[in-house]
Amino acid sequence: MKKLISALLAVTMLFSLAACGSGDDKKSDDLKVGFIFLHDENSTYDKNFMDAAKAVQQELGLTDDQVMFKTNIPESSECYEAAAALVDAGCDLVFGDSFGFEPFMIQAAEEFTDVQFCHATGTNALSKNLPNFHNAFASIYEGRYLAGVAAGMKLNEMIAAGKFTAEEAKMGYIGAFPYAEVISGFSSFYLGAKSVCPTVTMDVKYTNSWFDISAEKEAANALIKAGCKLISQHADSEGAPKACEEAGVPNVAYNLDTRSMGPNTALISSKISWEPYFKMIIEAVKDGKEIKTDYCATMKEGAVLLTELNDKVAAEGTQAKLDEVKAKLESGELKVFDTSTFTVGGKALEEGTKADVVPDDKFEVDTNVVYDGYFHESEMRSAPYFYIAIDGITGVFPDAQ
């Protein structure tokens, strides 16, 4: 009975809704929306959000006076100040795009109760339960897995061509920080590659920055020097793609089509499309409707995408394979974190394994996330919580090396 009650509480939390404003409709020409970005358009991560915001602005017929951008805002009290400035400018809705913005977005939400605040990749909306603060993310691990399939097929092509042996099929991955979001992403990428190239291994290096061109390029070069045959990343500059182009090593990027940076090496990229979410929250505020407290959009909903495959680089048959795997992901036939496809310390994850889903100062595991044969990523909370070093990947937790 205790387990049943806990499960019901978790479901209730997950699907809880917060009231949006007073519930009164707002005229379209009165609506103002503010966006806070960690960097500017030179960051592939931030540019992806900016492009989505501009696309939705055009689709909804909002003027430039109704959509305001704050760029190059650090993860500090400057985020709160940017939010307050947007409120002072008349914004009814404020969106922040970076993980470290969350405490400052919450501070603003607590102060400006008539304004809706939405935040990407955050973890606290469910526990805070503020009626005007919301978290959102997408199941990007599905896109990472698909990009990994393309990477694995490229490795197989190079093995067949005699460029290296199957045992030498090693990939390199550049991560910003050893956060669950990053670990979930590169683990799913690795599992996608492993599904078609079973001998693949992967090394990870962190830059400890979301955007550092020189550090990302240096990390890519170090991984290539260490024998990595293909490079991917969860970091936001052109550093890694350009390093790969210079070295002639295939690259799988994130958030942006990088073929212009690496025409001979850029394979494909995975990305989140924020257009559906932006349209949903803007229309909710305009119409006086509710915004979900915590929202995770899926590939099936059009929120997780792959950029156009670079046929010049991709192995033959890659697109057909991607279409096949995508259909299985969307139908639910295939689960990215199927526990029969990976081990941790030589053992499969047991049913009932818990993860740290509900935020607290102790970072204790608190929620059952492994059942029905797979790890249920982003189902209990939109922000990823897959924080596990699976076999085949080295450098996941650098302090433990």
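Preceding this section is the structure that the text describes.
Here we summarise the structure given alongside this text.

Conventions we followed
- Position numbers for residues start from 1 in each chain and track the written sequence from start to end.
- Residues qualify for local features only when their pLDDT is at least 70, as the model is predicted, and side-chain atom pairs are given and counted only at 80 or more; totals for whole chains, interfaces and linings, by contrast, use all residues.
- Side-chain numbers come from the whole structure's heavy atoms, not from hydrogens or water.
- Being paired, for any two strands, means DSSP has found at least two bridges between them.
- Each helix is a run of H or I in the DSSP string that is no shorter than four residues. Each strand is a run of E no shorter than two, and both are numbered from the N terminus.
- Note on contacts: a residue pair qualifies if any of its non-hydrogen atoms lie within 4.5 Å across the two residues.
- Fitted lines through C-alpha atoms give the axes, limited to the stretch in contact for helices. The angle between two N-to-C directions lies from 0 to 180 degrees.
- We define a salt bridge as a contact between a side-chain nitrogen of Lys or Arg and a carboxyl oxygen of Asp or Glu at a distance within 4 Å.
- Only protein chains enter the accessibility calculation, which uses a 1.4 Å probe; a residue is then buried when its area is under 20% of its type maximum, exposed when over 50%, and partly exposed in between.

### Concerning the sheet that holds strand β19 (residues 393–394)
Argument step 1. Across the sheet, which stays open at both edges, the 7 strands sit in the order β14-β11-β10-β9-β7-β8-β19 with mixed pairing between neighbours. Each end of this open sheet is capped by a strand with a single partner; those strands are β14 (304–306) and β19.
Argument step 2. In the sheet, strand β10 (residues 251–254) pairs with strand β11 (residues 266–272) via 4 bridges, with the strands oriented parallel. In the strand pairing of β11, Ala 253 is matched with Ser 269.
Argument step 3. In the packing of helix α6 (residues 140–160) onto the sheet, contacts are made with β7 (170–175), β9 (230–234), β10, β11 and β14, and the angle to β11 comes to roughly 170°.

### Details of the pattern of salt bridges
Pairing between side chains of opposite charge can happen when their charged atoms approach one another.
Argument step 1. Per the stated rule, a full pass over the model turns up 11 salt bridges.
Argument step 2. Measuring nitrogen to oxygen at the nearest pair gives 3.4 Å for the salt bridge that ties Glu 308 to Arg 259. Of this pair, Glu 308 sits in the loop between β14 and α11 (318–331) while Arg 259 sits in the loop between β10 and β11; the two residues are 49 residues apart in sequence, bridging distant segments of the chain.
Argument step 3. With relative accessibility at 53%, the residue Glu 308 sits in the exposed group.
Argument step 4. When its relative accessible area of 27% is taken as the criterion, Arg 259 is described as partly exposed.
Argument step 5. Lys 321 is the partner of Glu 324 in a salt bridge, and the nearest nitrogen-oxygen pair spans 3.5 Å. Placement of both Glu 324 and Lys 321 in helix α11 is noted, with a separation of 3 residues, approximately one turn of the helix.
Argument step 6. The partly exposed category is assigned to Glu 324, whose relative accessible area is 35%.

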